[in-house]
Amino acid sequence: MPRRNRCLIVDPDLPQAWHVSNRCARSLFLLEPEAQDRGDREPEDHRKELLLARLEKLAAVSSIEVLAFSVVGNHLHLVLRNVPKVGHAWSPQEVLDRWLALHPLRNRQGPREPEAGELEALVADEAWVAATRRKLMDLSQFMKELKQHVAVKVNKLESGSGAFWSGRYKSKPIDDPEGHQLVRSMVYVDLNPLAAGLCDRPEDGRHTSLEGRLGRDQPATPQQAEPAERAPSAAFRRSRSASWLVPLVGEDPRSRMHEAARAASAAVPAAGRTVLAGLTLRRYLRVVDAVSRLLRAGKASLDRRLAPILERVGLGPEDLRVGFTRMATGSPHF
């Protein structure tokens, strides 16, 4: 029996969260090639940086928010959420600007300047605006923009061709009014490197949203991210992920490294944007720590002798004292 088209399953006009995953072709480590395979063509983690830079741009221009992510050598996990009211509020000019941020006007020689009246005609074309607005609100289009961009860039880098991803992405809707399933999905994604044995502690996992929320991710500079023989590309100048992830309630300001960048690049205004009411960074870290200590068949787990995660990441007694003071005064940000 053929699979149903996603357009019959996912409605861009309805608020919805998803846990999305996709493996590389034949489960090969195409996002993390061995040093001898990279040679001098690309620095370490170049492909993961490329993917995250595209994810940041998509979060900035679409109505789909990024709540969690994890990128490892042969697959990626995302927790995404669509906010239709944001997309419906865009003016025709905003729709055009957001689309051109993803797809600048081009000809066979490369980017080109618009012809006289070309942009005005697009803004005035109601059918084009409606179709483009829907694309910017659609999960399938979001994943197409992400996967196709990475595949084309890597194939060009290798002077090759062929499939980079293993079929279409998998998506599981998160239907949970109380948010329990949403939190479980986020924790699962953030613990992916630990479960795979790539690190010994959750906070040490690379290229995860947890790393970003703790202010530990270090985006490659343009010189590091772009192969030496090529000019630096704006596509690789990504921000710290804390600046474009949807924040937790009262998230520790030390992990919000770029408030201005978040306000400038977020698809939804920063005010009022949180993952889940009442879910603070401390509470989320406690859940992550508890789940990481559980024994799961075929998965690595955290050494139970280690100190609690709040101590390990530097949220010591003084931080907790401030938190208890806030709690005593009725603040929800503990």
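The shown structure was predicted, so the numbers you read here are calculated from the model rather than taken from an experiment. (Residues numbered from 1 in each chain as written. Predicted model: local features only at pLDDT ≥ 70, side-chain atom pairs only at ≥ 80, totals over all residues. Heavy atoms only, no water.)

**Student:** I keep staring at the packing of aromatic side chains and nothing clicks. Help me out?
**Tutor:** What the rule picks out here adds up to two aromatic pairs. Taken together, a centroid distance of 5.6 Å and an interplanar angle of 15 degrees make the contact between Phe 69 and Trp 244 stacked. Of this pair, Phe 69 sits in strand S2 (residues 64-71) while Trp 244 sits in the loop between helix H11 (222-225) and helix H12 (259-265), and the two are 175 residues apart along the sequence. One exposure class covers both Phe 69 and Trp 244, and it is buried. (Phe/Tyr/Trp six-rings, centres within 6.5 Å; stacked < 30°, edge-to-face > 60°. Helix = DSSP H or I, 4+ residues; strand = E, 2+ residues; numbered from the N terminus. Buried < 20%, exposed > 50% of the residue type's maximum accessible area, 1.4 Å probe, protein only.)

**Student:** What is the right way to read the pairing of strand S1 (residues 16-23) from this model?
**Tutor:** Moving residue by residue along a regular strand, the side chains alternate between the two faces of the sheet. Summarising burial for S1: six of the eight residues are buried, a large majority. Strand direction decides the pairing type here: S1 and strand S3 (residues 75-82), joined by eight bridges, are antiparallel. Counterpart to Gln 16 in the pairing with S3 is Asn 82. Here S1 pairs with strand S6 (residues 170-174) via five bridges, running antiparallel. Each bridged residue has a counterpart across the sheet, and for Trp 18 the counterpart in S6 is Pro 173. (Pairing = 2+ DSSP bridges.)

**Student:** Which parts of the structure should I look at to understand the pairing of S3?
**Tutor:** Of all eight residues in S3, eight are buried; the element is thus mostly enclosed. A two-sided burial pattern is seen for S3, the buried positions comprising His 75, His 77, Val 79 and Arg 81 on one face and Leu 76, Leu 78, Leu 80 and Asn 82 on the other. Connecting S2 to the next strand, S3, in antiparallel fashion are three residues.

**Student:** What should I look at first to understand the sheet that holds S1 in this one?
**Tutor:** Within a beta sheet, neighbouring strands are joined by backbone hydrogen bonds and run either parallel or antiparallel to one another. Ordered by their spatial adjacency, four strands build an open sheet running S2-S3-S1-S6, and the pairing between neighbours is antiparallel. The open sheet has two free edges, formed respectively by S2 and S6, since each of these has just one partner strand. Ignoring strand direction, the axes of neighbouring strands in this sheet form an average angle of 20 degrees. (Axes fitted to C-alpha atoms, helices over the stretch in contact; angles between N-to-C directions.)

**Student:** What is the right way to look at unusual backbone geometry in this model?
**Tutor:** In terms of backbone geometry, most residues other than glycine have negative phi values and most peptide bonds are trans. At Ser 27, a residue that is not glycine, the phi angle is positive and equals roughly 60 degrees. Accessibility expressed as a relative area gives 34% for Ser 27, which makes it partly exposed. Its identity as a non-glycine residue notwithstanding, Asp 45 has a phi of 65 degrees, on the positive side. With respect to the element layout, Asp 45 can be found in the loop between helix H1 (35-38) and helix H2 (46-61). Taking relative accessible area as the criterion, Asp 45 reaches 17% and is therefore assigned buried.

**Student:** Would you explain the pattern of salt bridges in this entry?
**Tutor:** Under the definition given, this model contains 20 salt bridges. Its salt-bridge partner being Asp 13, residue Arg 134 comes within 3.3 Å of it at the nearest N-O pair. With Arg 134 in helix H6 (residues 126-135) and Asp 13 in the segment before S1, the pair connects residues that are 121 residues apart, well separated along the chain. The exposure class of Arg 134 is partly exposed, given its relative accessible area of 41%. Here Asp 13 falls in the partly exposed class, since its relative accessible area comes to 36%. Arg 112 is the salt-bridge partner of Glu 118, the closest N and O atoms lying 2.8 Å from each other. A relative accessible area of 25% means that Arg 112 is categorised as partly exposed. (Salt bridge = Lys/Arg side-chain N within 4 Å of Asp/Glu carboxyl O.)

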